[in-house]
Amino acid sequence: RTGTYDDLARSDVVAFTDAAPPGGADLIVAVDAIPYLGDLAELLEAVGRALRPGGLAVFNADVLDAKSLLPSLDSAHDQYRLGFSGRWRHLPKYVKATAKVAGLVLDSKAGVEKLRAESRVGRDKKSGALAVLDKRQTVETAVFAFRKPD
């Protein structure tokens, strides 16, 4: 115990945020949590309820490149996709629209950063040894800040 935090909990992010007292949070920060969720509606609605008027929510999301999407029969599926790494990638316009529905306004967008590279790992067909299967791919991450209006 270092005294750094007023409170620290280990929990499902959606359930924890949903259980927070309405209007009780000045600031909600989720670092590298959003890429483990597909549909963000439930979380952002809970964030909107938990923030006090004027409160701020800051988080990052791995970016889904709209140019790489093939047409789909499921338009909701075109808003976010599961990557080979098990992390979800989201269209920035989807994140903004979902936050708006939850009553949050974009305060600022820090921008898109290239934070890391990923490669698929698997078994080599000839030797059976563990091997990198493809070229490393850079993952772009957008940082968002949404405010609950006064």
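Look above for the structure.
Remember, predicted model here, so these are calculated numbers, not experimental data.

1. Describing the overall build of the chain
Next, step 1: In terms of regular secondary structure, the chain is built from three helices and eight strands.
Next, step 2: Tracing the chain from N to C terminus, the helices and strands come up as α-β-α-β-β-β-α-β-β-β-β.
Next, step 3: Counted over contacts in the chain with a minimum sequence separation of 6, partners at least 24 positions apart contribute 74%.
Next, step 4: With the model as given, the accessible surface of the chain reaches about 9800 Å², and the carbon-plus-sulfur share is 54%.

2. Re the side chain of D78
Next, step 1: Turning to its location among the elements, D78 is positioned in the loop between β2 (51-63) and β3 (80-82).
Next, step 2: For D78, a relative accessible area of 15% gives the class buried.
Next, step 3: Here R81 takes part through its side chain, which lies 2.8 Å from a polar atom of the side chain of D78.

3. As for the pattern of salt bridges
Side chains carrying opposite charge are able to pair once their charged atoms draw close together.
Next, step 1: Scanning all chains against the criterion turns up six salt bridges.
Next, step 2: R52 is the salt-bridge partner of D26, the closest N and O atoms lying 2.4 Å from each other. Here D26 is found in strand β1 (residues 25-30), whereas its partner R52 is found in strand β2, with 26 residues between them in sequence.
Next, step 3: A relative accessible area of 49% places D26 in the partly exposed class.
Next, step 4: By relative accessible area, R52 is classed as partly exposed at 31%.
Next, step 5: With a closest N to O distance of 2.8 Å, R81 and D78 form a salt bridge.

4. Some details on helix α2 (residues 41-50)
Next, step 1: For α2, the set of buried residues is L43, L44, A46, V47, G48 and A50.
Next, step 2: On its buried face, α2 sits against α1 (13-18), β1, β2 and α3 (92-101).

5. What about the pairing of β2?
Along any regular strand the residues' side chains alternate between the sheet's two faces.
Next, step 1: Burial within β2 is extensive, with 10 of its 13 residues counted as buried.
Next, step 2: As judged from the five bridges shared by β1 and β2, these two strands associate in the parallel manner. The partner of V29 across the bridge, within β2, is V58.
Next, step 3: Following the chain from β1 across α2 to the adjacent parallel β2, one finds a crossover that is right-handed.
Next, step 4: As judged from the two bridges shared by β2 and strand β4 (residues 88-90), these two strands associate in the parallel manner.

What counts, and at which threshold
Residues numbered from 1 in each chain as written. Predicted model: local features only at pLDDT ≥ 70, side-chain atom pairs only at ≥ 80, totals over all residues. Heavy atoms only, no water. Helix = DSSP H or I, 4+ residues; strand = E, 2+ residues; numbered from the N terminus. Contact = heavy atoms within 4.5 Å. Areas by Shrake-Rupley, 256 points an atom, 1.4 Å probe, with all protein chains shown as cover. Buried < 20%, exposed > 50% of the residue type's maximum accessible area, 1.4 Å probe, protein only. Polar contact = N/O pair within 3.5 Å; in protein donor to acceptor, adjacent residues only side chain to side chain. Salt bridge = Lys/Arg side-chain N within 4 Å of Asp/Glu carboxyl O. Pairing = 2+ DSSP bridges. Right-handed = clockwise from strand over helix to strand, strands pointing away.

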